[in-house]
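Architecture at a glance
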Amino acid sequence: MKLKQVSKILMAVLLLLVPLLFRNFNYGILICGFIGIYIIAISGLDLVFGYCGQISMGHAAFFAIGAYGSALLHKYLHLPILFTMVIAAVIATLIGALLAYPASKLVFHFLSLATVAFGEIVYQLVAQSPGGITGNFTGFYTDSINLMGFKINTNTRFYYFGLVSVCIFLLMKHRLVKSKEGRAFLAIRENSHAADGMGIDVKRYKIIAFATSAFYTAFAGSMYAHYVRFISPETFSNRQSVMFLTMLLFGGTASLSGPIMGAAAVLLLNEGLRFAERYQMLIYGFMLLVVILLMPGGIYGIIKKQIDKRRVVS
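Here's a quick rundown of the structure. What you see is a predicted model; the values in this text were computed from it and never measured. (Residues numbered from 1 in each chain as written. Predicted model: local features only at pLDDT ≥ 70, side-chain atom pairs only at ≥ 80, totals over all residues. Heavy atoms only, no water.)

1. Regarding the packing of helix H6 (residues 155-177) against helix H9 (residues 202-228)
- Where H6 contacts H9, the axes come no closer than 12 Å and their chain directions differ by 180°. Of the possible angle classes, the one that applies to H6 and H9 is roughly antiparallel. Here Asn155, Phe158, Phe161, Gly162, Ser165, Phe169, Met172, Lys173 and Leu176 of H6 come into contact with H9, specifically with Thr212, Phe215, Tyr216, Phe219, Met223 and Tyr227.
- Of the residues in the contact of H6 with H9, the class split is 10 nonpolar, 4 polar and 1 charged. (Axes fitted to C-alpha atoms, helices over the stretch in contact; angles between N-to-C directions. Helix = DSSP H or I, 4+ residues; strand = E, 2+ residues; numbered from the N terminus. Parallel < 35°, antiparallel > 145°, perpendicular 65-115°, else oblique. Contact = heavy atoms within 4.5 Å. Nonpolar A, V, L, I, M, F, W, Y, C, P; charged D, E, K, R; others polar.)

Written out as structure tokens, the structure reads:
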């Protein structure tokens, strides 16, 4: 058996045993649950930013649509939560496609400003909703995920649900980036004009990338809502979008491993710096500068370089 296969098996066993390793440290399992949520959200952002080269600074909006969409559908229509999570993600996908259609002609800072504006619109809607259906700034409580009578109402149960969800979404991402669509994304990232000249429908693939990304991030948002069981607008401000981008750049773009590393590293760092909550945006800004200047490939890029060097030497 090859070393790579052995390492994958060991990693799978380790992930399955995490709740046992943290059996006397429930907060550790809680953090692992959040890491799973953010891995899915960042993997979605990576499809737009890393693979398609489109700058998005408003993904907190899709996170909010998933969270509020699922919670409100369950609250007012009494639909099963897993069903409302999928519906909310599909709604976000449609909104993402509608947003991407006019925005597909925008590039660089113009696209970034458009996504920032979209994020602010969604934030204001959930903070000052018609008839106060979202609870506005007060927020509201929701229920935990229920799978055919089995409630995912503990940190350990949610960890395993999140682990299965992460595996499914990463598998979907892997299949997408290895497909014709994935190759088109990369061509657009490298040179959209050249891609257009080669017969690639640039607008269509940009819309596909943005809509798929919205589905990922919205599903992660719905997971967040039913994990915390309380949502309020503060969670979905522009700060959340900055954190998403920080996680992606810190871990590394255009890869399966980058979002995993970035989500885990930044979230753990964030927990360690809770005493400096007022300076979180300053810290994120500093981290972005460090990544851009000193490690443009992120953690994944550094590890990949070291592995490539060893291969050349051997």
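2. Let's talk about a nonpolar patch on the surface
- A cluster of nonpolar residues, Ile9, Met11, Val13, Leu14, Leu15, Leu16, Leu17, Leu20, Leu21 and Tyr160, forms a patch on the protein surface that exposes about 880 Å² of accessible area.
- Mapped onto the elements, Leu14 comes out in helix H1 (residues 3-21). (Patch = residues over 30% accessible without salt bridge, like charges linked within 9 Å, V, L, I, M, F, W, Y side chains within 5 Å. Areas by Shrake-Rupley, 256 points an atom, 1.4 Å probe, with all protein chains shown as cover. Salt bridge = Lys/Arg side-chain N within 4 Å of Asp/Glu carboxyl O.)

3. Here we look at the nonpolar core
- Grouped together as the largest cluster of nonpolar side chains are 80 residues, with contacts concentrated most on Ile37, Tyr38 and Ile231.
- Per element, the largest residue contribution to this core is 14 residues, and it comes from H9.
- Each residue touching Tyr38, except ones within four places of it in the same chain, is listed here: Phe63, Gln240, Met243, Phe244, Met247, Ala263 and Leu267.
- Counting residues in hydrophobic clusters, the runner-up holds 5 residues, among them Val18, Ile29, Cys32 and Leu163. (Core = buried A, V, L, I, M, F, W, Y, C linked by side-chain atoms within 4.5 Å. Buried < 20%, exposed > 50% of the residue type's maximum accessible area, 1.4 Å probe, protein only.)

4. A short note on the environment of Gly69
- Looking at the secondary structure, you find Gly69 in helix H3 (residues 60-77).
- Through-space distance from the C-alpha of Gly69 to that of Lys8 is 36 Å; in sequence the pair is 61 residues apart.
- Other than its neighbours up to four places away in sequence, Gly69 contacts Ala64 and Ala88.

5. Overview of unusual backbone geometry
- We note that Asn136 has phi near 50°; this positive angle belongs to a residue other than glycine.
- Following the sequence through the fold, Asn136 ends up in the loop between helix H5 (108-127) and strand E1 (140-141).
- Non-glycine residue Arg229 carries a positive phi angle of around 65°.
- One can find Arg229 in the loop between H9 and strand E4 (230-231).

6. Observations concerning the packing of aromatic side chains
- Enumeration over the complete set of coordinates arrives at 22 aromatic pairs.
- On the basis of an interplanar angle of 50° and a centroid distance of 6.0 Å, the ring pair of Phe22 and Phe25 is categorised as tilted.
- Here Phe25 falls in the partly exposed class, since its relative accessible area comes to 44%.
- An aromatic cluster is built from Phe34, Tyr38, Phe63, Tyr68, Phe140, Phe158, Phe161, Tyr224, Tyr227, Phe236 and Phe244, whose rings are joined through pairwise contacts.
- Across from the ring centre of Phe140, 4.7 Å away, lies the NZ or CZ of Lys75, which sits over that ring.
- Positioned above the aromatic ring of Tyr101 is the side chain of Lys203, whose terminal nitrogen or guanidinium carbon lies 4.6 Å from the ring centre. (Phe/Tyr/Trp six-rings, centres within 6.5 Å; stacked < 30°, edge-to-face > 60°. Lys NZ or Arg CZ within 6 Å of the ring centre and 35° of its normal.)

7. Some details on helix H7 (residues 180-190)
- Among all positions of H7, only Gly182, Ala184, Phe185 and Ile188 are buried. When H7 is viewed along its axis, its buried side chains cluster within an angular range of 160° and face the same direction. Opposite its buried face, H7 presents the exposed residues Arg183 and Glu190, each directed more than 90 degrees away. (Arc of directions from axis to C-beta.)

8. Re the packing of H3 against H9
- Following both chains from N to C, one finds H3 and H9 inclined at 50°, their axes separated by 6 Å at the closest point. One finds that H3 runs oblique with respect to H9. When you trace H3 past H9, the crossing you get is right-handed. Residues Phe62, Phe63, Gly66, Ala67, Ser70 and Ala71 of H3 form the contact with H9, whose own contacting residues are Phe210, Ala214, Thr217, Ala218, Ala220, Gly221, Ser222, Tyr224, Ala225 and His226.
- When the residues that make up the contact of H3 with H9 are grouped by side-chain class, the tally is 10 nonpolar, 6 polar and no charged. (Left-handed = near helix turned anticlockwise from the far one by under 90°.)

These results come straight from atomic positions and should not be treated as a statement about function.
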